[in-house]
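Fold and contact review
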Amino acid sequence: MSVITPPPDLLRQQDPQMADVLAGEAQRQATSLQLIAAENFTSPAVLAALGSALANKYAEGYPGNRYHGGCEYADLAERTAAERARALFGVEHANVQPHSGSAAVLAAYAALLRPGDTVLAMGLAYGGHLTHGSPANFSGRWFDFVGYGVDAETGLIDYPQVQQLARAHRPKAIVCGSISYPRHPEYSVFREIADEVGAYLIADAAHPIGLVAGGAAPSPVPYADVVCATTHKVLRGPRGGMILCGAEFAERIDRAVFPFTQGGAQMHTIAAKAVAFGEAARPAFTTYAHRVVANARVLAEALTGHGFAVTTGGTDTHLITADPAPLGLDGPTARGRLAAAGIVLDTCALPYGDQRGIRLGSAAVTTQGMREPEMERIAALFTAALQGEPAKTRAEVADLAHSFPPYGG
């Protein structure tokens, strides 16, 4: 990979203020540890597609049926992206136009539901996403959401509760997926429950879809009626969304994306998605996906050894959620101290408690080439930062980051 380059001279000449912003962000990424579970480093090829001439093209509609002329290459880019996605995930239909994961979920709801329908999804306090019924989100305003949770002792999804709630509320759809659940959902169990009550099954696989692509996580495709996902995170593509489904729902999904929920497709992003899907089909990505999981497991174990209460006792994915309370801290305080040391992560809700914990992921640092020894070092840096040595820890974090530049060189 090539090095991160400074903003082009043209940008610096025409807009030095923004050139400084972009240079500063590049420097921030290169000198700190990116442990936000939803972030990763795209390849230079993906970045090149994002900055391509397709950024200029308006292409409302679908290949072969656009509302604008001059779409021959836009059509080719979208057909390529959809074809690669179908092959990568073994699915009959792929819509690659959603601008984000939330847009993908909105379109799935629009295709399968009507306002006022009941939906069963993971409760927000247990790791459900905003689109799983938050009153501040369209989902909570338009649909009647019922939330399921996790077992108080194990932190694992309470499947008997899911079944009981499904029988009691007879939802039109059941959503399986979370922003902070570090284990694999049992898709077959969700399918059985959905079939019993006559509900659609929607898998929100925004986080694990990259692991699915690399064969490091079970696929929801054989079980779910519709799979919503993002193309960034572990998948290492551009920021965006996609929807996977069988031929039965293809037309409904396409109409729900365009023209119902969004207008013109972002063709430069779709081209970048195609590049990412092509990269994810290669053996190197399979190796990467499995290394992401191995790194996360080592990091979770190391954090446990440093006194953190890691939820569910570990992880099967790239995700780790942990409670710093044994160290005398809450999640926001821990996040602030870690940020001061150059360790970037999020907070998250913790099951059965008002206190927030921390959420982190191993995808970005694995892209940088870090392995198990670095995961143990990162856990030690956590402890040093939280014990009040931010300046010294910041220098050690920068040294580690410099040893593994995200774009080489």
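Each residue is numbered by its place in its chain's sequence as written, counting from 1. Reporting in this predicted model follows two pLDDT cut-offs: at least 70 for local features of residues, and 80 or more for side-chain atom pairs to be given and counted; totals over whole chains, interfaces and linings ignore these cut-offs and use all residues. To get the side-chain values, all heavy atoms of the structure are used, and hydrogens and water are removed first.

This brings us to the overall build of the protein. In DSSP terms, a helix is any run of H or I states spanning at least four residues, a strand is any run of E spanning at least two, and both are numbered starting from the N terminus. Helix and strand counts for the protein stand at 16 helices and 15 strands. C-alpha atoms define the radius of gyration, and 2.2 Å times the number of residues to the power 0.38 defines the globule rule. By the compact-globule yardstick of 22 Å for 409 residues, the protein fits well, its C-alpha radius of gyration being 21 Å. Dimensions of the protein, computed from C-alpha atoms along their principal axes, come out at roughly 55 × 55 × 40 Å. For each residue, the accessible area found with a 1.4 Å probe, counting protein chains only, is set against the maximum for its type, and the residue is called buried under 20%, exposed over 50%, and partly exposed in between. Counting across all 409 residues of the protein, residues that qualify as buried make up 57%. Contacts are assigned to residue pairs with any non-hydrogen atoms lying within 4.5 Å of each other. Summarising the internal contacts of the protein: among those between residues at least 6 apart in sequence, 71% fall at separations of at least 24. Using a 1.4 Å probe, the Shrake-Rupley method yields the accessible areas, and only the shown protein chains count as cover for residues. As displayed, the protein has an accessible area near 16900 Å², and 52% of this comes from carbon and sulfur atoms. His is not counted, nor are the chain ends; Lys and Arg add positive charge and Asp and Glu add negative charge. To locate a charge, the coordinates of NZ of Lys, CZ of Arg, CG of Asp or CD of Glu are taken. Taken together, the 31 basic and 38 acidic charged side chains of the protein have centroids lying 3 Å from each other.

Moving on, we come to a nonpolar patch on the surface. A grouping of Met18, Val21 and Leu22 is seen on the molecular surface, where their side chains present a nonpolar patch of about 250 Å² in accessible area. Along the chain, Leu22 turns up in helix 2 (residues 16-31). Taking relative accessible area as the criterion, Leu22 reaches 44% and is therefore assigned partly exposed. In this scheme, patches are assembled from residues that exceed 30% relative accessible area and form no salt bridge. Like charges are connected within 9 Å, while nonpolar side chains (Val, Leu, Ile, Met, Phe, Trp, Tyr) are connected within 5 Å. Criterion for a salt bridge: a side-chain nitrogen of Lys or Arg within 4 Å of a carboxyl oxygen of Asp or Glu.

Strands qualify as paired when DSSP identifies two bridges or more between them. Strand order in the open sheet made by the seven strands is 4-10-9-8-7-5-6, with mixed pairing throughout. At either margin of the open sheet sits one strand with a lone partner, and together these are strand 4 (93-95) and strand 6 (144-148). Direction aside, the axes of adjacent strands within the sheet are offset by 20° on average. The sheet contact formed by strand 4 and strand 10 (residues 241-245) spans three bridges and is antiparallel. Within strand 10, the position partnered with Asn95 by the bridge is Ile243. Here, axes are lines fitted to C-alpha atoms. For helices the fit covers the stretch in contact, and angles between N-to-C directions go from 0 to 180 degrees. This element, helix 5 (residues 101-112), spans strand 6, strand 7 (173-176), strand 8 (200-204), strand 9 (226-230) and strand 10 of the sheet and lies at about 165° to strand 9. Lying over the sheet, helix 10 (residues 247-261) contacts strand 4, strand 8, strand 9 and strand 10, oriented at roughly 155° with respect to strand 10.

Moving on, we come to the confidence of the model for the protein. Detailed reading of predicted coordinates is not advised where the pLDDT is low. Per-residue confidence from the predictor is given as pLDDT, running between 0 and 100. Mean pLDDT for the protein: 95, with 98% of residues reaching 70 or above. A low-confidence stretch, residues 1-6 (pLDDT under 50), is modelled with 13 contacts involving residues beyond four sequence positions or located in other chains.

In terms of nonpolar packing, the biggest core is built from 66 residues, with Phe89, Tyr148, Ile174, Phe190, Ile209 and Leu244 touching the most fellow members. Residue contributions to this core peak at eight residues, all from helix 11 (residues 267-280). Apart from residues no more than four positions distant in its own chain, Ile174 is found in contact with Leu120, Ala166, Phe190, Ile193, Ala194, Val197, Ala199, Tyr200, Leu201 and Ile202. Among the nonpolar cores identified, the runner-up in size contains 32 residues, and Leu303, Val310, Ala322 and Val365 belong to it. By nonpolar core we mean a set of buried residues, namely Ala, Val, Leu, Ile, Met, Phe, Trp, Tyr and Cys, connected to one another through side-chain atoms within 4.5 Å.

On to helix 16 (residues 390-403). In this scheme, a helix's expected span is set at 1.5 Å multiplied by one less than its residue total. Between the first and last C-alpha of helix 16 there are 20 Å, a value that for 14 residues agrees with the 20 Å anticipated at 1.5 Å per step. Along helix 16, the positions that sit buried rather than exposed are Thr393, Val397, Ala398, Leu400 and Ala401. Buried residues in helix 16, looked at end-on, bunch into an arc of 160°, giving them a common side. Residues of helix 16 that are exposed and point more than 90 degrees away from the buried face comprise Ala391, Lys392, Ala395 and His402. In this structure, the buried residues of helix 16 make contact with helix 2, strand 1 (33-34), strand 13 (343-344) and helix 15 (372-386). Picture the helix axis, draw a direction to every C-beta atom, and the arc is the one those directions span.

The next point concerns the pattern of salt bridges. The tally for this structure, following the rule as stated, stands at 13 salt bridges. The partner of Arg28 in a salt bridge is Glu25, with the nearest N and O atoms 2.8 Å apart. Placement of the pair is Arg28 and Glu25 together in helix 2, with a separation of three residues, close to one helical turn. Among the salt bridges present, the one from Asp399 reaches Arg377, with a minimum N-O distance of 3.4 Å. Taken together, the positions of Asp399 in helix 16 and Arg377 in helix 15 put the pair 22 residues apart, joining distant regions of the chain. We classify Asp399 as partly exposed; its relative accessible area is 42%. On the basis of relative accessible area, Arg377 is assigned to the partly exposed category, the value being 32%.

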